[in-house]
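Fold and contact review
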Amino acid sequence: MIRYVLRRLLTAIPTLFLIVTLSFFLLRVAPGGPFSQERGLSPEVKANLERVYQLDAPLWRQYLNYLADLLHGNFGPSYNLPDFTVADLFRVGLPVSVQLGASALILALVLGSVLGIVAALRQNRAGDYAVVALATAGSTIPTFVIAPLYQLVFALTLAWVPVAGWGGGAFINKIGPVLTLALPQIAIVARLMRGAMIEALRANHIRTARALGLGGWSVVVRHALRGALLPIISYAGPAAAALLTGSVVVETVFAIPGVGRYFVDAALNRDYTLVMGTVVVIAVFVIVFNLIVDLLYALVDPRVRYD
Amino acid sequence: MTEMTAPAPAAPPSSPPAGSPPAKGRSLWIDAWRRLTANRAAVISAVYLVVMAVACLVGPLLTGHDYTTIYTDYVRVAPSLTPYPKPDALASTLDDLTRRMRLDLAGWREENGRVIVDLRSARPIDPRVTRYFDRSSSFEDSRVEQTGADGLSMTVSAAVARHYFLFGTDNTGRDLLTRTLIAGRVSLAIGLLAGLTAVVIGVIYGATAGYLGGRIDDVMMRIVDILYSLPFIFLVIMLVVFFGRNFVLMFIAVGAVQWLDMARIVRGQALSIRRQEYVQAALALGVSSRGILWRHVVPNTLGPVVVYMTLLVPQVILLESFLSYLGLGVQEPLTSWGVLIAQGAKNIPAATWLLIFPSIFLTSTLFALNFLGDGLRDALDPKDR
Amino acid sequence: MADEMPSDLDIDAAAGDAPLLELTGLDVRFDTPDGEIHAVRGIDLALNPGETLAVVGESGSGKSQTMMAAMGLLARNGRVAGSVRYRGREILGLPSRALDEIRGARIAMIFQEPMTSLDPLYTIGSQLAEPLARHKRLGARAARERAVELLALVGIPDPERRLRAYPHELSGGQRQRVMIAMALAAEPDVLIADEPTTALDVTVQAQIIELLRSLQRRFRMGIVFITHDLGLARHFADRVAVMRYGQVVEEGPASQVLSRPAHDYTRMLLASEPSGTKAPPPEDAPVVLEAQGLDVTFHIGGGWLAGPPLEIHAVDRVSLTLKRGQTIGIVGESGSGKSTLGRALIRLIDGKGDIRLFGRPVGELDAAGLRALRRQVQIVFQDPYGSLSPRMTVGEIVSEGLRVHEPELDARSRERQVIAALEDVTLDPALRNRYPHEFSGGQRQRIAIARALILKPRVLVLDEPTSALDRSVQKGIVELLRRLQREHGLSYLFISHDLSVVRALSDWIMVMRRGQLVEAGPTEDVYEAPAAAYTRELIAAAYGLSDREQAGRR
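Source: prediction; values computed, not measured.

This part covers the overall build of chain B. Looking only at helices and strands, chain B features twelve helices and four strands. Within the span of chain B, comprising 385 residues, buried residues form 53% of the whole. Counted over contacts in chain B with a minimum sequence separation of 6, partners at least 24 positions apart contribute 71%.

Following this line, the structure appears as structure tokens:
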């Protein structure tokens, strides 16, 4: 098992390297640069800035420099937020994003699974249809609709919660962002769980259990649910990576100081180091969570063996 | 000899009566069609989508407004079933108008859809002041009825221009209904275009990888994996940067990002089809690889592809609206549902209709597409057969 | 329906001469999108203590659904009417909580699919402990001890260690033994066995039947044995009920029903046991296909950082000579390499060794040469559902070979040849515009044969072509194959695990095991006087001349 983890982490290195390389050149081939959009920048100042940040060096040189820095854990300075290094931005923002994302993920997994199981056990009855309709709604209504609607109803009309802001992480400030993040995930998890449970309840070994009088909850929980967890696990990995690295919409609408906000702006402003830093962080999350998924898989399903 | 849970018909396996006419067979497509039309949610969704598409295509011609026309008098007016200007608003509109003319309003009355206005001034009145009426979005067809002998008074009549704003107007005074329908055109067109691009690339890529298998498959799927680990939004933004604001090119590009899932699905299908005995039989008959791919592999992946495509279109529409929401999508004065929703979100709580109407259009369309997709999947891949 | 719960005392009091299990007027219907299916039509059956009742019938006869309904295990869309009494007590329609006091405890059931009937995610020990905890109220330690006893009872070697094994680590036969152990955990007095040996190799099949028989004697259980196999019913059952279209057409003592059948259908079933023999081709018949030292190796897994791949020797230096008009039967159990051998001979799988068709080597053929080979050698597969492309019409399927090999043909003459081919396999050519899913298994197999024959090949590889079919349908295919061989002078390679079909069709037989040739010779010689021990075991198992020593082993 430990050998397997090591091997996987080893294979992650070339993957990460490819991702960094691909993103680096993609970003550089794109027209524009970090200082081309700022108005009133005289050519001398621009040249000066580019020299400071070594952007005047040949591309391959910059690439090697960046790789070298990265190996030392140095993500470089942010070009557009000149007072901060990329690492600073992550140190402050990532905990916020992770907190929100983790809450949303846990909520989604628990609530979504319960809804999905209920729907599967009530297949083609009213409860099932209700869950399916809810799930469809959850996965079709975009977050950028849900978030302002939430603000409109609960903050502006009912005045139960603040409209936006982090409030130092107060619970009442987190409700909206977490719900908005979780709702689509709840919908997807519910759908997945419903399908998986229906499939699992049809399995031959469930028929065996029933034929031996082991009916009721033993069948549902012990035999059907454990098998039905597998698709949920494989979904939860990438979902976790996406949720924990922040969401542009939610963080913008609710004015949350996470890392999700940076990415779009940074990419549009060619804040090379910040974009690259985000890409690396997201890729690391994806790789780590994929590994966790595979390990959980082996835990749940004895047929999966890694050695 | 397997006894299945849902049993095969117990009726005698009837051999066809001799000399029966060359019967036309029920293909799996016809079976699927029958099951689909029996699914009420799917049928209603399909009808709704057709209505929506027709409304977006034809509707803008019937609303009486152009999506670019700006009604300066009606900035951010609320949705209403009765026409603008409202009777009680006429007085203040005329007040504003005369003030801009630097004239005094002596009196006015409304007759047969025309206002008759008496104007006074300390200086002679230029008859060209009627232009002010025509320029206002509330009036049209103005004419001087009577000029006072001293030239210091004038009676002007103008037709009241009646405008219906069923969905209200936006921040710059454009009709929201027309804009929502125009936005629908853009969103639906993009959904189809990008969806189709994704399907074409995904099917070709996936079928090739799955059918060829082995090392080629390994390499091809490794590429897909790496593209998967790149943050999706990063790729899209890079594509937007490359293709600029040309929205057709851009959404072909978006489709080119969305093909990853399609490729995986088709590859999985192709891998399992390759092991089917009918492919083995075709190989034994000496059918070439191309023939097998074309006659056996592709037709048998079409079911999942069709299903996935109906589920992909709403995803692309969602993505488009997301990009538009971020300000990366279509540009003014053209619009899409995402753009409208973004503007609406900025205007709560003052003008909630700006958020509500486009949201209803977008989500109901996505809903219908999803239900249709689910229906298609049940019809094409009936588990309990 | 009885509302009062009879105590155990009542049950035992009633045990005297009343039947253990009694079905009266049992009726099962399924609601499907294509209308109602009346699967079981008011049947009466009774099982006495210590008795084995075989319910025989072909697929779709309703034999399984009858017992599923009795156990309250019907699929959601099923409806049941009538009465099911266990020791005089009505159990049909009992709420599932009450039913669970009887299912597993009094009446247990085992199924055909040993691969999927156990939960893959739990150890054998944990699954065995479940019925013990549920019905015997045993604690964890006691359940574990009892589980070891049960595993030993069903003949699993080293039961202590096996408790920790997962189902996928056991062979099919062992899984079926575990399944039986679970069913016996609560010492039921009725065991319903639904085709318990159908998915197993013949030698394993014989062992499982022997196990069931000894357990029955020991516990005086009543067994309902559902099977399509008349031979098994004859050897195992005291009484036989023959089902067809959801009705019992004949019932009585096994010896009487199976030797002096009263009903036409039973007679027809008995007559469809493969019969007849095949005369060898003349001595001087030309050699059609020849293979020397054929070798096939598969590589599984392996790759970058994963270590070397696993090598599996699927076919190990096998040689054969097929003459014009000859049928070589290749028999063996699953994993013996017989199918791989068939596919390697026609170059669907690459192997090493010398293959000659009409004296010309085909091992190194290029694409064009391979196409010429394809014309001469065709193959028919086992699964009549998987071997026809579901989105093509029968006409398109049958004519596909013509498109490859005679692309110059116009549509009309292609059509003419399709009609002729379909008539050759006695299918109505009017049905050529239909799709495969509209045909029965036997008809599909005829379509597959027509597809192979339209190119007028010289050699036909038949890979288990009758194994997925009911006996009565099988008989039609066997006769068709015989006629086609006579009329077209074909040579067959007939691959099957079914020794009786092979015996009826082939004049030369090859017995394979683990990729190697165990024995070969003229069919009758091998069947009458098998030289190898493995062949003897195989034949004994298949023909039920069960040798205690062999069957009880393992």
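The subject of this paragraph is the overall build of chain A. If you tally the helices and strands in chain A, you get twelve helices and zero strands. The helix and strand sequence of chain A, counted from the amino end, reads α-α-α-α-α-α-α-α-α-α-α-α. On the principal axes, the C-alpha backbone points of chain A span a range of 85 × 60 × 30 Å. Residue burial in chain A is summarised as follows: out of 307 residues, 50% are buried. Nonlocal contacts in chain A, meaning residues at least 24 apart in sequence, comprise 75% of its contacts between residues at least 6 apart. Of the accessible surface of chain A, which amounts to about 13,800 Å², a share of 68% is contributed by carbon and sulfur atoms. One way to put it: in chain A the 23 positive side-chain charges average out to a point 16 Å from where the 15 negative ones average out.

Our focus in this paragraph is the packing of aromatic side chains. Here a ring pair, both rings aromatic, is described through the centre-centre distance and the interplanar angle of the planes. With the rule as written, the count across this model stands at 16 aromatic pairs over all chains. Between the aromatic rings of Phe24(A) and Phe25(A), the centroid separation amounts to 5.3 Å while the plane-to-plane angle is 75 degrees, which identifies the pairing as edge-to-face. Residue classification places Phe25(A) among the partly exposed residues on the basis of a relative accessible area of 28%. The ring of Tyr122(C) has Arg222(A) lying over it, and the distance from NZ or CZ to the ring centre is 4.3 Å. One residue, Arg226(A), lies across the ring of Tyr122(C), its end atom 4.7 Å from the ring centre.

Our next topic: the domain arrangement of chain B. What the domain assignment reports for chain B is domain 1 (87–160) and domain 2 (176–384). For domain 1 of chain B and domain 2 of chain B, the distance between their C-alpha centres works out to 57 Å.

A word on the UniProt feature "domain: ABC transmembrane type-1" (unreviewed entry) in chain A. Here, UniProt's "domain: ABC transmembrane type-1" (unreviewed entry) annotation points to residues 94–297 of chain A. In this annotation, residues 94–297 of chain A is assigned 81% helix and 0% strand; the end-to-end C-alpha distance for the span is 28 Å.

For the rest of this paragraph, the subject is the nonpolar core. Among the nonpolar cores identified, the biggest contains 140 residues, and Val275(A), Ile237(B) and Trp337(B) are the most heavily contacted of them. The element contributing the most residues to this core is helix 5 (residues 176–212) of chain B, with 14 residues. Leaving out residues up to four positions away in the same chain, Ile237(B) has contacts with Val264(A), Ala267(A), Leu268(A) and Leu328(B). In terms of nonpolar packing, the next biggest core, distinct from the first, is built from 60 residues, Ile273(B), Val202(C), Val404(C) and Val418(C) among them.

This part covers the sheet that holds strand 2 (residues 114–120) of chain B. All names here are of chain B. Here four strands make up an open sheet; going across it, the order is 1-2-4-3 and the pairing antiparallel. Edge positions in the open sheet fall to strand 1 (104–111) and strand 3 (139–147), since each of these has one partner strand only. Mean inter-strand twist for the sheet, computed between neighbouring axes without regard to direction, equals 20 degrees. Here strand 3 runs beside strand 4 (residues 153–160); their pairing, made up of six bridges, is antiparallel. Among the inter-strand pairings, Glu140 is bridged to a residue of strand 4, identified as Ala159. Lying over the sheet, helix 3 (residues 87–101) contacts strand 1, strand 2, strand 3 and strand 4, oriented at roughly 140 degrees with respect to strand 1.

Time to look at the UniProt feature "transmembrane region" (unreviewed entry) in chain A. All names here are of chain A. According to UniProt, the positions carrying the feature "transmembrane region" (unreviewed entry) are residues 100–122, 129–150, 170–190, 239–260 and 272–300. Annotation note: span residues 170–190, helix share 95%, strand share 0%, distance between end C-alpha atoms 29 Å. Secondary structure content for residues 272–300 is 100% helix and 0% strand, while the C-alpha to C-alpha distance between its ends is 42 Å.

What follows deals with the pattern of salt bridges. All names here are of chain C. Using the criterion set out here, one finds 41 salt bridges over all chains in the structure. For the salt bridge of Arg146 with Glu149, the shortest nitrogen-to-oxygen distance reads 2.8 Å. Of the two residues, Arg146 and Glu149 both sit in helix 5 (residues 140–153), three residues apart, roughly one turn of that helix. We classify Glu149 as partly exposed; its relative accessible area is 46%. Arg471 is the salt-bridge partner of Asp498, the closest N and O atoms lying 3.1 Å from each other. With Asp498 in the loop between strand 18 (491–496) and helix 18 (499–505) and Arg471 in helix 17 (residues 471–488), this pair connects stretches of sequence that are 27 residues apart.

Next up on the list: the interface of chain A and chain C. The interface is formed by 26 residues belonging to chain A together with 31 residues belonging to chain C. Here chain A packs against chain C, burying approximately 2,500 Å² in sum over the two surfaces, 59% of which is carbon and sulfur. Contact with chain C buries area across many residues of chain A, yet Arg207(A), Leu212(A) and Arg222(A) alone supply 24% of it, more than any other trio. Summed over the shared surface of chain A and chain C, the result is two salt bridges. A salt bridge links Glu113(C) to Arg207(A), with the nearest nitrogen and oxygen atoms 3.0 Å apart. Joining chain A to chain C, the criterion identifies 14 residue pairs in polar contact (both at pLDDT 80 or more).

Looking now at helix 12 (residues 353–380) of chain B. Counted at 1.5 Å a residue, the expected span for helix 12 of chain B with its 28 residues is 40 Å, and the 40 Å between its end C-alpha atoms agrees. Within helix 12 of chain B, 20 of the 28 residues are buried, which leaves the element mostly enclosed by the surrounding structure.

Here we come to the UniProt feature "transmembrane region" (unreviewed entry) in chain B. All names here are of chain B. The UniProt record marks residues 41–62, 186–212, 232–257, 306–330 and 351–372 with the feature "transmembrane region" (unreviewed entry), using the residue numbering of this structure. Overall, residues 186–212 shows 100% helix and 0% strand. The separation of its end C-alpha atoms is 39 Å. Overall, residues 306–330 shows 80% helix and 0% strand. The separation of its end C-alpha atoms is 28 Å.

Here we take up the packing of helix 11 (residues 260–268) of chain A against helix 7 (residues 232–243) of chain B. Between two packed helices, both the angle of their axes relative to each other and the distance between the axes serve to describe the pair. Viewed as axis vectors pointing N to C, helix 11 of chain A and helix 7 of chain B meet at an angle of 25 degrees, and their least axial separation amounts to 10 Å. With respect to helix 7 of chain B, the axis of helix 11 of chain A lies roughly parallel. As helix 11 of chain A runs across helix 7 of chain B, the sense of the crossing is right-handed. Here Phe263(A), Val264(A), Ala267(A) and Leu268(A) of helix 11 of chain A come into contact with helix 7 of chain B, specifically with Ile233(B), Phe234(B), Ile237(B) and Met238(B). Of the residues that constitute the contact of helix 11 of chain A with helix 7 of chain B, the class distribution is eight nonpolar, no polar and no charged.

To continue, consider the confidence of the model for chain A. Taken over all residues, the pLDDT of chain A has a mean of 85, while the share at 70 or more is 97%. The least confident element of chain A is helix 2 (residues 43–52) of chain A, whose mean pLDDT is 76; the most confident is helix 4 (residues 86–121) of chain A, at 92.

Turning next to the environment of Thr466(C). All names here are of chain C. In this fold, Thr466 is placed in the loop between strand 17 (459–463) and helix 17. Residues Thr466 and Gly441, spaced 25 residues apart in sequence, show a C-alpha to C-alpha distance of 9.7 Å. If we skip the residues at most four places from it in the chain, Thr466 touches Gln474, Ile477, Val478, Phe494 and Val501.

The rules behind the values
- Residues numbered from 1 in each chain as written.
- Chains lettered and ligands numbered in written order.
- Predicted model: local features only at pLDDT ≥ 70, side-chain atom pairs only at ≥ 80, totals over all residues.
- Heavy atoms only, no water.
- Helix = DSSP H or I, 4+ residues; strand = E, 2+ residues; numbered from the N terminus.
- Buried < 20%, exposed > 50% of the residue type's maximum accessible area, 1.4 Å probe, protein only.
- Contact = heavy atoms within 4.5 Å.
- Areas by Shrake-Rupley, 256 points an atom, 1.4 Å probe, with all protein chains shown as cover.
- Lys, Arg positive; Asp, Glu negative; His and termini not counted.
- Charge placed at Lys NZ, Arg CZ, Asp CG, Glu CD.
- Phe/Tyr/Trp six-rings, centres within 6.5 Å; stacked < 30°, edge-to-face > 60°.
- Lys NZ or Arg CZ within 6 Å of the ring centre and 35° of its normal.
- Domains from an automatic or database assignment.
- UniProt positions renumbered as here; feature names shortened; annotations may be inferred.
- Core = buried A, V, L, I, M, F, W, Y, C linked by side-chain atoms within 4.5 Å.
- Pairing = 2+ DSSP bridges.
- Axes fitted to C-alpha atoms, helices over the stretch in contact; angles between N-to-C directions.
- Salt bridge = Lys/Arg side-chain N within 4 Å of Asp/Glu carboxyl O.
- Buried area = accessible area lost by both parts, 1.4 Å probe.
- Polar contact = N/O pair within 3.5 Å; in protein donor to acceptor, adjacent residues only side chain to side chain.
- Expected span 1.5 Å × (residues − 1).
- Parallel < 35°, antiparallel > 145°, perpendicular 65-115°, else oblique.
- Left-handed = near helix turned anticlockwise from the far one by under 90°.
- Nonpolar A, V, L, I, M, F, W, Y, C, P; charged D, E, K, R; others polar.
- pLDDT = per-residue confidence, 0-100.

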